[in-house]
Amino acid sequence: MTLPPLAHRVGTVAAGLLGLAVLASCVMVVDPAEVAVVYRFGAVDRTLGAGLGFRLPVVESSERIRVTEVRRVELPRRRLLTADTNLVDVELIVQFSVADPVLFALVHADPEAVVAAEVDAAANAQVAEMGVDALLTTGRTELQQAVMDAAQRSLDALATGVRLVAIDVRSLAPPDAVVNAFNDVSSAKGDQETTRLAADAYASKVLPDVRGKAAQLEQEALSGAAQLDARADGDIARFQALLPAWRAERAATRTQLRGELWATIGEKATIKVVPPGTELRLPDAR
Amino acid sequence: MANVRALALGALPLALLAASVFTLDAREVAVVTSFGAPVRTLLEPGLYMRAPWPLHEVVRCDARARVLEVAPTELLTSDKKNLVVEAFAIWRVADPQKFLEAAGGVAAAEAQLGDLVTSRVAAAIGKVELQDVLAVDSTTGDLLPASVRTDVATTAAERFGVEVLDVRLRHVGLPLQNEQSIYERMRAERLRIANAYRSEGEEQATTIRARADREAAEILAKAEREAAFVTAKAAETAALRYAEAYRADPALYELLGALDAYERTLGEDTVLVLPSDGGFFEALDRGPE
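Please read these numbers as outputs of a predicted model, since none were measured by experiment.

Caption draft 1: How the structure looks around the overall build of chain A. From N to C terminus, chain A includes 7 helices and 10 strands. Radius of gyration (C-alpha) of chain A: 54 Å, far over the 19 Å computed for a compact globule of 286 residues. Across the 286 residues in chain A, those meeting the buried criterion constitute 24%. Here the analysis covers contacts within chain A between residues at least 6 apart in sequence; of these, 67% occur between residues at least 24 apart.

Caption draft 2: Focus on the overall build of chain B. Each helix and strand counted, chain B has 8 helices and 10 strands in total. The C-alpha radius of gyration of chain B comes to 56 Å, more than 25% above the 19 Å expected for a compact globule of 289 residues. The dimensions of chain B, computed from C-alpha atoms along their principal axes, are 185 × 50 × 35 Å. Within chain B, the proportion of its 289 residues that are buried is 24%. Relative to all contacts within chain B whose residues are 6 or more apart in sequence, the contacts with residues 24 or more apart total 68%.

Caption draft 3: Inspection of the sheet that holds strand E5 (residues 60-66) of chain A at higher detail. Residues and elements named next belong to chain A. Strand order in the open sheet formed by 3 strands is E3-E2-E5, with antiparallel pairing between adjacent strands. The strands lining the two open edges of the sheet, one partner per strand, are strand E3 (43-48) and E5. Each strand axis lies, on average, 25 degrees off the axis of its neighbour in the sheet, ignoring direction. Taken together, the 5 bridges between strand E2 (residues 34-40) and E3 define a ladder with antiparallel strand orientation. Bridge pairing in E3 links Ala36 to Leu48.

Caption draft 4: Quick peek at the sheet that holds strand E2 (residues 28-34) of chain B. Residues and elements named next belong to chain B. On the basis of which strands lie adjacent, the open sheet formed by 3 strands has the order E3-E2-E5 and antiparallel pairing. The open sheet is flanked by strand E3 (37-42) and strand E5 (57-62), the only strands paired with a single partner. Sheet twist, expressed as the average angle between the axes of neighbouring strands with direction ignored, equals 25 degrees. With 6 bridges connecting them, E2 and E5 associate as antiparallel partners. Paired with Glu28 across the strands is Asp62, a residue of E5.

Caption draft 5: Quick look at the packing of helix H6 (residues 179-248) of chain A against helix H6 (residues 176-248) of chain B. Relative orientation of the contacting elements H6 of chain A and H6 of chain B amounts to 5 degrees, with a least axis distance of 9 Å. Classified by the angle between their axes, H6 of chain A and H6 of chain B sit roughly parallel to one another. Tallied by class, the residues present in the contact of H6 of chain A with H6 of chain B amount to 41 nonpolar, 7 polar and 22 charged.

Caption draft 6: Representation of the packing of helix H3 (residues 106-126) of chain B against helix H5 (residues 146-160) of chain B within the structure. All names here are of chain B. For the pair H3 and H5, interaxial distance at closest approach is 10 Å and the crossing angle is 150 degrees. As summarised for this structure, H3 and H5 are arranged roughly antiparallel, according to the angle between their axes. Like other packed secondary-structure pairs, H3 and H5 cross with a definite hand, here right-handed. Judged by residue contacts, Ala109, Gln112, Leu113, Leu116, Val117, Arg120, Val121 and Ala124 of H3 engage Val148, Asp151, Val152, Thr155, Ala156 and Phe160 from H5. Partitioning the contact of H3 with H5 into residue classes produces 10 nonpolar, 2 polar and 2 charged.

Caption draft 7: Spotlight on the environment of Arg140 of chain A. If you trace the backbone, Arg140 of chain A turns up in helix H5 (residues 139-157). Separated by 135 residues in sequence, Arg140 of chain A and Pro275 of chain A have C-alpha atoms that sit 107 Å apart.

Caption draft 8: Highlighting the confidence of the model for chain A. Taken residue by residue, chain A gives an average pLDDT of 88. The fraction at 70 or more is 97%. Ranking the elements of chain A by mean pLDDT puts strand E10 (residues 270-274) of chain A last with 75 and strand E8 (residues 87-98) of chain A first with 95.

Caption draft 9: The nonpolar core, seen in detail. Membership of the largest hydrophobic core comes to 84 residues, with the highest contact counts inside it found for Val119 of chain A together with Ala89 and Trp91 of chain B. Trp91 of chain B has contacts with Ala65, Arg66, Leu68, Leu113, Ala156, Val162, Glu163, Val164 and Leu165 of chain B, leaving out every residue within four places of it along the chain.

Caption draft 10: Structural context of the interface of chain A and chain B. Counting residues at the interface gives 87 residues for chain A and 89 residues for chain B. Elements that contribute at least two residues to the side of chain A that touches chain B include exactly E3, strand E7 (78-81), helix H3 (111-129), H5, H6, helix H7 (250-268) and E10 of chain A. The greatest single-element share of the side of chain A that touches chain B, amounting to 37 residues, is contributed by H6 of chain A. Looking at the side of chain A that touches chain B residue by residue, the class counts come to 53 nonpolar, 12 polar and 22 charged.

Caption draft 11: How the structure looks around the pairing of E2 of chain B. All names here are of chain B. Note that E2 and E3 share 5 bridges and pair antiparallel. Residue Val32 lies in a different strand from E3, and its bridge partner there is Arg40. Hairpin connection of E2 to E3: 2 residues between the antiparallel strands, including Phe35 at a positive phi of 50 degrees.

Caption draft 12: Structural context of H3 of chain B. Residues and elements named next belong to chain B. Over its 21 residues, H3 runs 29 Å from end to end, which matches the ideal 30 Å to within 8%, given 1.5 Å per residue. Taken together, the buried positions of H3 are Ala109, Leu113, Leu116, Val117, Val121 and Ile125. Along H3, the residues classed as buried sweep out an arc of 155 degrees about the axis, all on the same side. For H3, the exposed residues set more than 90 degrees away from the buried face come down to Ala107, Ala111, Asp115 and Gly126.

Caption draft 13: The arrangement of the confidence of the model for chain B in detail. Residues and elements named next belong to chain B. The share of residues in chain B with pLDDT of 70 or more is 93%, and the mean pLDDT across the chain is 87. Mean pLDDT per element in chain B: helix H8 (residues 282-285) is the minimum at 52, and strand E6 (residues 66-69) is the maximum at 95. Interface predicted TM-score (ipTM) for the complex: 0.72; the corresponding pTM is 0.72.

What counts and how
- Residues numbered from 1 in each chain as written.
- Chains lettered and ligands numbered in written order.
- Predicted model: local features only at pLDDT ≥ 70, side-chain atom pairs only at ≥ 80, totals over all residues.
- Helix = DSSP H or I, 4+ residues; strand = E, 2+ residues; numbered from the N terminus.
- Rg over C-alpha atoms; globule rule 2.2 N^0.38 Å.
- Buried ≥ 20, exposed ≤ 12 C-beta atoms within 10 Å, placed from the backbone.
- Contact = placed C-beta atoms within 7 Å.
- Pairing = 2+ DSSP bridges.
- Axes fitted to C-alpha atoms, helices over the stretch in contact; angles between N-to-C directions.
- Parallel < 35°, antiparallel > 145°, perpendicular 65-115°, else oblique.
- Nonpolar A, V, L, I, M, F, W, Y, C, P; charged D, E, K, R; others polar.
- Left-handed = near helix turned anticlockwise from the far one by under 90°.
- pLDDT = per-residue confidence, 0-100.
- Core = buried A, V, L, I, M, F, W, Y, C linked by C-beta atoms within 7 Å.
- Expected span 1.5 Å × (residues − 1).
- Arc of directions from axis to C-beta.

Encoded structure:
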């Protein structure tokens, strides 16, 4: 049986095209952000990294997993009980990436749901371990770290192939119903500080004042002493000056002194000399 | 025609082969049944042989683990506190034959597993007080004791061929009506703390003021003492010098002292009224001759 030349040629071209198509289906390009898991007869055979990869037709199939991408799960806000049976509202955001693409593809139907559940449980347990004051003041970082560690342990035990990148505490606050009471504590802290500062201000005014006063007292005492000394100098100088004359001739010296005194009295005071026996009437002291 | 017959003869074994071979994916497990009766359980992925339909049938199950979210349940602790507890379980089909017989499918299995988890969690929480519910079990890192997980896992495996990988509480909360009493207590406690801060502030302020006042009084007292000392010292020195002068000549000393007294008595508006025979200047007139 011989085919007409045209049909023969068409057949050759078709066979060639079919061959090319089969070859093309063997080649796969793996994106740098991906890892391809190759299954042969349904079982995992190998993984392919970025670049050109080969896959047998029919007997092999493949699945691409994005591994570099950081995935994000936002957990709904939860009202949690603390160790001292207070309530706090907690809202977390989880970021994770794929550490093991084979586990990630095979083990769990919905790895994101597993991540959400395990982080939720870890947060619930960690908050139950901590007191409300610790949580709301310094506990944020501790909560993040503890939740991340606990959830990662669970996810590892469950062979999820997931690596947690970060747990962000979007909000951590007392419930709205009691938020005023918590704010009042903050303002009381502020009041405490204000009161203390006012007292400090008082102390830092009183002490310099009194130091100034003390210095003044000291200066006054010194100048008083100097005056006393100076007067003694003057008095004694006068005494010494008069002494030789006095010793030589007492009456003359006394007369001279009396003269000086009268001169001084005359300068300063008004003198009235009355006959002996005159009654004196002093003006009323008032 | 001969060609067609040859083709048909060749295709028949191929079709038979195609109907007798199947693959099991890594994410599946399967049971091969013959007229409904299980023949083989397949747990590993790969290429398998079977008798063609209708002799054998392959029933596949998803072998991946699933998260079962158990609906929130209100439970009582042993100290009669109400709690709203939300648990979850992670499970997968381990024995497809038992799973298909006992549960039939995912929905039915999850309903049964949910009931099992709820009852075991309720039993565990009913045994302890609220404070102990909030205590983390060190072996599981969770609020549930490890026994709950092992109990659920054993029972689920026996009853419906399911492997339970994890059971945890994702939320322990209070019923809405009980939150109010917690809020009351929280408010009272905050008020106490706020008052404590304020009175601590007053206390510190009073202490600081009192300390400052005491220091001020001390500084002043010290200064006064020193001033008095300086004055006394000066007075002492002066007195010694005066005494020395006195010893040199008591009469002159007294005379000068009296003169001094007279001078110091005088002011601008002093009026001296003297009887003509008076003894005011006696000191001057009298004297040792």
